[in-house]
Amino acid sequence: MEAVDGNAIGGLLHEVFSAEMTSAATVCGNCGDARPVAELVVYLRAPGTVVRCRTCDSVLMVFVTVHDRMCVDLQGLAVLG
Amino acid sequence: MSPVSRGFHRRRQDPAQTAGRVPPGQYVTKDFPVLSAGPTPHTALDRWSFSVGRGGQQKTWSWAEFRALPSEDVTVDIHCVTKWSKLDTVWQGVSVDTLLDLAGHDGPFAMAHCDGGYTTNVPVADLTGGKAWVAYAYDGQPLEPEHGGPARLLVPHLYFWKSAKWVRSLELRDTNDPGFWENYGYHIYGDPWREQRYAGD
Amino acid sequence: MAGTALRRRLTWQVAKVSAVTTETASVRTLTLDVPDWPGHQAGQHLDIRLTDEDGYVAERSYSIASAPGEPVAITVERLEDGEVSPYLTDELRTGDDLELRGPIGGYFIWEPEDGGPLLLLAGGSGVVPLRSILRLRERTGSTVPVRLLYSSRTLDDVIYRAELDQPARGVEVIHTLTRHQPPGWAGYARRADGVLLAEVAWPASEMPLAYACGPTSFVETVSQALVQSGYPPERVKTERFGATGGT
């Protein structure tokens, strides 16, 4: 399944952060690549939503819906917002 | 529950044909959905290898050596944690029993390592006794990259995230450390018949 | 107004389909009556949620085809093996309910004060949000020069064809038909590449704003070509649909 980009998780991120986040700045914790959320690489068809760095493929964010709760992992990011 | 969308239904197989074979909460599909957490790796066969062991004690096979091992044709049902099940899938691969015997190593736990960095953990008891394979063919054809080719782990009695795509090694460990999805909230074991989807289920 | 829209809560609500318009053999525009619609910006999208009788849920995102101030509309392409798109194009009728949330997005948007010249790059159904931008430009009387490069398989696949055949003043539409061209076709007949882009794009020295939308491979090709030709990356906005549109 080909990847999409951070625009596709605009709704999800708005739900999590109560704010529009696709234009938010990010910095990859692994390689330092900097770009808006909208330009990150997003894999939607998985047991969770996985967001990766466009330069080094490192995992930046993972969203898993556990029963009725959304679990959010942002450890791969050095900067968000 | 959200309002029902008039006339909308997912694709599903006739329930009468599948009675008793579908774990709770699953629906049967005729498709073979491709789910991925990252880009599809493409490893050339002349650079591919598969290893079993721990630390510096690994038994490693090249592609040619691996394909020369005794293999089996198996027909199994598979169950994805995203709720689709596919019945009577046909695979060809090397039994993990064979690999562990040849490697001369033992459990209690194994971590599968894959091209692209994916990992998943499985108790060795769930990889032996004819319950698991490293599969390189699906439906009579070489396994396609999007489905895990050149080879993937096949552990059909557990949720399919445990059947790691692009597998390159089974690392034997003394502790049941969580792999990729297990780290993000999925169940450490993943028995579809007890509906063990998430940690704590 | 924009600031308020960015800070509000985003909740699911039930809209009614007020019209279904056929754009091409596989494409429909759904006009929606949304009770609590806060207004939207050109380029934004909304999320759709379908639920079946067993509680199975499918969600997808679709770009808003209409300009701010017009009734909310989305344009959907039926994908052959799609789970959701065939339902939206073939089953949904006027009067049906449709659960949605939106508008969503703050990156892939254009407002007249952003200026130009504008370079809009559409791959297939990627034309949808760009059409919203074009309609906003016209509604506000903006005179920003626009070039739209629109890649389609055949002429019959061109969405909003009548509208694009009569573009507003200052808008130039350049088609490329990648699979089949009508007899006598004098336009481009191949997938967009660096050479084609160089012939069509505003020179980087004019400080254009580019918006590229469509399948991931299309967006990658055109955006990389623009950056290589000197466009600052922050002036090339991208929206990738994946291999097969919105599904």
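To be clear, the structure that these remarks concern was listed above.
Description of the structure in this document. (Residues numbered from 1 in each chain as written. Chains lettered and ligands numbered in written order. Predicted model: local features only at pLDDT ≥ 70, side-chain atom pairs only at ≥ 80, totals over all residues. Heavy atoms only, no water.)

## What to know about the sheet that holds strand β2 (residues 25–28) of chain A
Residue and element names in this part refer to chain A. Just so we agree on the cut-off: Criterion used throughout: strands pair if DSSP finds at least two bridges between them. A helix here means a DSSP run of H or I that spans at least four residues, while a strand means a run of E at least two residues long, and both kinds are numbered starting from the N terminus. Angular values range over 0 to 180 degrees, each being the angle between N-to-C directions of two axes fitted as lines to C-alpha atoms, with helices fitted over their stretch in contact.
In spatial order, the strands read β3-β2-β8; together these three strands make up an open sheet with antiparallel pairing. In the strand order of this sheet, the two ends are held by β3 (34–36) and β8 (77–80), each with one partner. Between one strand and the next, the sheet's axes are offset by a mean angle of 20 degrees, whatever the strand orientation. The pairing of β2 with β8 spans three bridges and is classified as antiparallel. Across the sheet, the residue bridging to C28 is L77, located in β8.

## A few points about the interface of chain A and chain B
Note the cut-off: The contact definition used throughout considers only heavy atoms, calling two residues in contact when any of these lie within 4.5 Å. By buried area we mean the combined loss of accessible area, with a 1.4 Å probe, across both parts when two parts are placed together. In what follows, salt bridge is the name for a side-chain nitrogen of Lys or Arg lying within 4 Å of a carboxyl oxygen of Asp or Glu. Polar contact is the term for a pair of N or O atoms within 3.5 Å; when the atoms are in protein, one must be able to donate a hydrogen and the other to accept it, and sequence-neighboring residues count only if both atoms are side-chain atoms.
If you look at the interface, chain A gives 16 residues, while chain B gives 15 residues. For the pair chain A and chain B, the summed buried area comes to about 1400 Å², and 63% of that belongs to carbon and sulfur atoms. Counting across the chain A and chain B interface gives zero salt bridges. At the junction of chain A and chain B, the tally comes to five residue pairs in polar contact (both at pLDDT 80 or more). Listing elements by their share of the side of chain A that touches chain B, those giving two or more residues are β5 (49–52) and β6 (59–66) of chain A. If one sorts the elements of the side of chain A that touches chain B by residue count, β6(A) sits on top with five residues.

## Comments concerning helix α1 (residues 10–17) of chain A
Filter applied, for reference: Classification of residues uses two cut-offs on accessible area relative to the type maximum, computed with a 1.4 Å probe and protein chains only: under 20% is buried, over 50% is exposed, and between them is partly exposed.
Among the residues of α1(A), those classed as buried are A:G10, A:G11, A:L12, A:L13 and A:H14. Trailing α1(A) by a residue or two, A:S18 shows a phi angle of about 55 degrees, which is positive.

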